[in-house]
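If you want the building blocks of each chain, they are given just below.
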Amino acid sequence: LSLLIDATEHRDVATADVAGAYLHAEMEDFTLLKMEGESVEIMCNVCEDYRKYVCHENGKKVLYLKLLKALYGCVQSALLWYELFSTTLQGDGFELNLYDTCVANKNIDSKQCTIAWYVDDLKVSHMKRSVVNNILNTIESKFGTLQITRGRRHTYLGMDITFKQNGTVEIQMKDYIKEAID
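> Could you give an account of the pattern of salt bridges, naming the residues involved and the relevant values?
Considering all chains together, one arrives at 15 salt bridges under this definition. We note a salt bridge from Glu 26 to Lys 69, for which the minimum N-O separation is 2.8 Å. Placement of Glu 26 in the loop between strand S1 (12-18) and strand S2 (32-36) and of Lys 69 in the loop between strand S4 (60-66) and helix H3 (77-91) is noted, with a sequence separation of 43 residues between them. Classification of Glu 26 as partly exposed rests on a relative accessible area of 49%. The partly exposed category is assigned to Lys 69, whose relative accessible area is 32%. The salt bridge partner of Glu 170 is Lys 164, with a shortest N-O separation of 3.7 Å. Lys 164 sits in the partly exposed class, given a relative accessible area of 33%. Salt bridges sharing common partners tie together Asp 6, Glu 9, Arg 11 and Lys 123.

So, how was this worked out
- Residues numbered from 1 in each chain as written.
- Predicted model: local features only at pLDDT ≥ 70, side-chain atom pairs only at ≥ 80, totals over all residues.
- Heavy atoms only, no water.
- Salt bridge = Lys/Arg side-chain N within 4 Å of Asp/Glu carboxyl O.
- Helix = DSSP H or I, 4+ residues; strand = E, 2+ residues; numbered from the N terminus.
- Buried < 20%, exposed > 50% of the residue type's maximum accessible area, 1.4 Å probe, protein only.

Now the structure itself:
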């Protein structure tokens, strides 16, 4: 629905990906990561100090690490990232949508700015390109470099999106479906 609003209002739209999003969130629970085999050697090559903590279990090298940051694959990581991102937006004056709490809105220059997200994939829209630029810059300043797409064509969450001049939007998922079938 937000794509329809963007199209009919002729909003400027940017889609973006937050690289390493989970790593911005602090791990709250005591969580150990067990590494085995080749991954232990890779970690020791990254940081030689880890070698003194390597042990052997069943003939394999093993390294236990305490996670300080959320990591993909941990059950609570998605929630930690969501809480960090949504509270950051709220701190910047955005209000979460009551029906979809992965959509936030804020009036800027008397027009609505919308940020919709799924995990670390964002869609930002507003009538003014400069507002979208400012929002993206603010997010980048807090979470690091974003991979940003601008213009009329976007690939977002498996959808190929094309905004038309006449205020409509075309959404296809041919490539995504073909990849799923393959």
